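So the chains spell out like this:
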Amino acid sequence: MKKQSTTFLILGIIMIGVVLRMPFTAIPPILQEIATEFDIPISSLGILTTLPLLMFALVSPFAARLGQIFGIEKLFAIVLVLMMIGSTLRIFSLPLLFVGTLIIGLGIAILNVLLPSAIMANSPSRLGKLTSLYSLAMTFATIIGSSLAIPITEMSNWQTMILILSAILLVAFIIWLPNVKNNHYLEKHQNHTQQTSLFKNKYTWCLVIFGGLQSLYFYTTLAWLPTMGQQAGLSASTTGYLLGIYMLVTIPLMIFLPSAFIRWSKEKRQTVIAGFMGISFIGIAMMLLDYNSFTYWLLVNIFTGLAGGALFPYLLTMLSVKTTSPTNAARLSGIVQSGGYLLAACGPILFGYGYGFWHSWIPQTWVLLILVVIMAIAAWFVEKTDKII
């Protein structure tokens, strides 16, 4: 691949990492301003953070088919334009706010599924490094977007914040556009039996279970750890600071682990993931107690953050390591992410509903502990095979 093409590929993958989360994770901090603008209760806007996850679940199975029709690089360019339009639509009216959010969720679902295939098709020798790059870009963009949303809104208004997000999508499109000339089409399935065999493969479902539960784990702890800390006696500003630490501890792992997971043997990956599952178990178990201690909740956030920072890169790399081609990676990714994000959308809602029902965090935290054990078992079985498809 020519140097110029490589440059645009790397920059394009970084920018896609930026827009994989930022267009909707930057919205929760400014929901109150949006609710005030439209004169509605803020509770009616809570679905804005769930809609993208539901779209991920619904659209992911069809991403591979779109990659066959349009080609990966051309499809990404189309998706970025659609996301830019959807993002901009959100400023005009309440119905368009929801429509635009649905469009953004649709676009991110396609990018989520096909990005591993894009890397495999263009630069398979740098799979680990490029996976690290877009994982880091996603994390930094989430942190920066959430941190700047309120200051930007206070200086101007929430519409300005959303227009900035649209501008970032425009930049991503411009940077990605040169990659379209190296368009890679996914292969069509040879027959119905081959497609059906993927659903009958027990290792597919082990990865679906792992992927779904790691998403549920991440989004649930991210959503509710601040509230649990505040109810234990910490201030809102302190729990916000701790949530920042939760995100920051994931960064070194996202730099190091993708390449390591590719390089390591199955047995070593099993051991390392089991270790992070143990850290996750300790962090969740500590959530059962409501000590009014900064140090205690610092450890809770560090432990749960470290586990989340390891499990997500593991999932991303396994979608490529356990497949034999970009087409198979897309097929497996579509199934895994569809089931995964359906669980992720339900997790935070049910966890919060449990508190309303029991007036306690303990029952649903015990359920989360059990799910961590199931996730560990699923990961263990994933490593029992060299290739899933």
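All figures in this text were calculated on a predicted structure; none of them were measured in a lab. (Residues numbered from 1 in each chain as written. Predicted model: local features only at pLDDT ≥ 70, side-chain atom pairs only at ≥ 80, totals over all residues. Heavy atoms only, no water.)

**Here we look at the overall build of the chain**
Looking only at helices and strands, one finds 17 helices and 0 strands in the chain. A compact globule built from 389 residues should have a C-alpha radius of gyration of about 21 Å, and the chain, at 20 Å, falls within 12% of that. C-alpha atoms of the chain, sized along the principal axes, occupy 55 × 50 × 35 Å. Excluding contacts between residues fewer than 6 apart, the proportion of contacts in the chain whose partners are at least 24 apart in sequence is 84%. By element, 71% of the accessible surface of the chain is carried by carbon and sulfur atoms, the whole surface being about 16000 Å². Across the chain, the mean location of the 20 positive side-chain charges is 18 Å away from that of the 10 negative side-chain charges. (Helix = DSSP H or I, 4+ residues; strand = E, 2+ residues; numbered from the N terminus. Rg over C-alpha atoms; globule rule 2.2 N^0.38 Å. Contact = heavy atoms within 4.5 Å. Areas by Shrake-Rupley, 256 points an atom, 1.4 Å probe, with all protein chains shown as cover. Lys, Arg positive; Asp, Glu negative; His and termini not counted. Charge placed at Lys NZ, Arg CZ, Asp CG, Glu CD.)

**Overview of the side chain of arginine 21**
With respect to the element layout, arginine 21 can be found in the loop between α1 (3–19) and α2 (22–25). Here arginine 21 occupies a buried position and makes no salt bridge, while the nearest side chain of opposite charge, glutamate 73, is found at 19 Å. Here the side chain of arginine 21 touches tyrosine 219 through a polar contact of 3.2 Å, side chain to side chain. (Buried < 20%, exposed > 50% of the residue type's maximum accessible area, 1.4 Å probe, protein only. Salt bridge = Lys/Arg side-chain N within 4 Å of Asp/Glu carboxyl O. Polar contact = N/O pair within 3.5 Å; in protein donor to acceptor, adjacent residues only side chain to side chain.)

**Thoughts on the packing of aromatic side chains**
Under the counting rule described, the total for this entry stands at 17 aromatic pairs. Here the aromatic rings of tyrosine 241 and phenylalanine 294 are separated by 6.2 Å at their centres, their planes lie at 15°, and the arrangement is stacked. Pair noted here: tyrosine 241 is in helix α12 (residues 236–248) and phenylalanine 294 is in helix α15 (residues 294–321), with a separation of 53 residues, a long-range link. Overall, the relative accessible area of 51% leaves tyrosine 241 in the exposed class. A residue is classified by how much of its surface remains accessible, and phenylalanine 294, at 34% relative accessible area, is partly exposed. Seen in terms of ring centroids, tyrosine 353 and phenylalanine 357 are 6.4 Å apart; in terms of plane orientation they differ by 25°. Their pairing is stacked. Remark: phenylalanine 357 and tyrosine 353 occur in helix α16 (residues 326–358); sequence separation between them is 4 residues, near one turn of the helix. For the pair shown, tyrosine 353 and phenylalanine 357 are each scored as exposed. (Phe/Tyr/Trp six-rings, centres within 6.5 Å; stacked < 30°, edge-to-face > 60°.)

**Thoughts on the confidence of the model for the chain**
Residues with a pLDDT of 70 or more make up 96% of the chain, whose mean pLDDT is 85. Helix α10 (residues 192–200) is the least confidently modelled element of the chain, averaging 61 in pLDDT, while helix α6 (residues 72–89) averages 96, the highest of any element. (pLDDT = per-residue confidence, 0-100.)

**Let's talk about α6**
Its 18 residues place the ends of α6 26 Å apart at the C-alpha level, agreeing with the 26 Å of an ideal helix rising 1.5 Å per residue. Of all the residues in α6, the buried ones are Ile72, Glu73, Leu75, Phe76, Ala77, Val79, Leu80, Met83, Met84, Gly86 and Ser87. (Expected span 1.5 Å × (residues − 1).)

**Details of helix α3 (residues 31–38)**
When we look at burial in α3, the residues that qualify are Leu31, Ile34 and Ala35. Down the axis of α3, the buried set is contained in an arc of 100°. They therefore lie on one face. Those residues of α3 hidden inside the fold are in contact with α7 (94–122) and α9 (158–176). (Arc of directions from axis to C-beta.)

**Here we look at unusual backbone geometry**
In the Ramachandran plot, aspartate 39 falls in the positive-phi region, its phi being about 55° despite a non-glycine side chain. In this fold, aspartate 39 is placed in the loop between α3 and α4 (51–59). For histidine 359, which is not glycine, the phi dihedral falls at a positive 55°. Residue placement: histidine 359 occurs in the loop between α16 and α17 (362–382).

**Details of the packing of helix α11 (residues 202–231) against α15**
The geometry of α11 relative to α15 is characterised by a closest axis approach of 10 Å and an angle of 155° between their N-to-C directions. Of the possible angle classes, the one that applies to α11 and α15 is roughly antiparallel. Here α11 runs over α15; the crossing is left-handed. Residue composition of the contact of α11 with α15, by class: 15 nonpolar, 6 polar and no charged. (Axes fitted to C-alpha atoms, helices over the stretch in contact; angles between N-to-C directions. Parallel < 35°, antiparallel > 145°, perpendicular 65-115°, else oblique. Left-handed = near helix turned anticlockwise from the far one by under 90°. Nonpolar A, V, L, I, M, F, W, Y, C, P; charged D, E, K, R; others polar.)

**Concerning the layout of surface pockets**
Empty space among the atoms can be located by rolling a probe the size of a water molecule over them. By volume, the largest pocket is sized at about 1600 Å³. In terms of lining residues, the largest pocket is bounded by 50 residues, among which Pro28, Tyr219, Leu222, Ala223 and Leu243 are the most central. Elements with a minimum of two residues in the lining of the largest pocket: α2, α8 (127–155), α11, α12, α13 (250–263), α15 and α16. The dominant element in the lining of the largest pocket, judged by the number of residues it contributes, is α11, at 11 residues. Among the residues forming the lining of the largest pocket, the class breakdown is 27 nonpolar, 22 polar and 1 charged. Quantified by volume, the second largest pocket comes out at close to 220 Å³. What lines the second largest pocket is a set of 13 residues, and nearest its centre among them are Gly347, Leu350, Phe351, Gln364 and Val367. (1 Å grid on protein atoms, 1.4 Å probe; cavity = no way out; pocket = protein on both sides within 12 Å on 5 of 7 lines; lining within 4 Å. Points joined across faces, edges and corners; volume = space filled by probe spheres on them.)

**Re the side chain of threonine 304**
Looking at the element boundaries, threonine 304 is found in helix α15. A relative accessible area of 0% places threonine 304 in the buried class. For threonine 304, the side chain forms a polar contact with the main-chain oxygen of asparagine 301, separated by 3.3 Å. Contact partners of threonine 304, with chain neighbours within four places excluded, come to Tyr217, Leu225, Tyr246, Gly283 and Ile284.

**Concerning the nonpolar core**
Residues Phe76, Leu111 and Leu114 are the most contacted members of the largest nonpolar core, which totals 73 residues. Broken down by element, this core gets its largest block of residues, 12 residues, from α7. In this structure, leucine 111 is in contact with Ile16, Val19, Leu20, Phe76, Val79, Leu80 and Met83, ignoring residues within four places of it in sequence. (Core = buried A, V, L, I, M, F, W, Y, C linked by side-chain atoms within 4.5 Å.)

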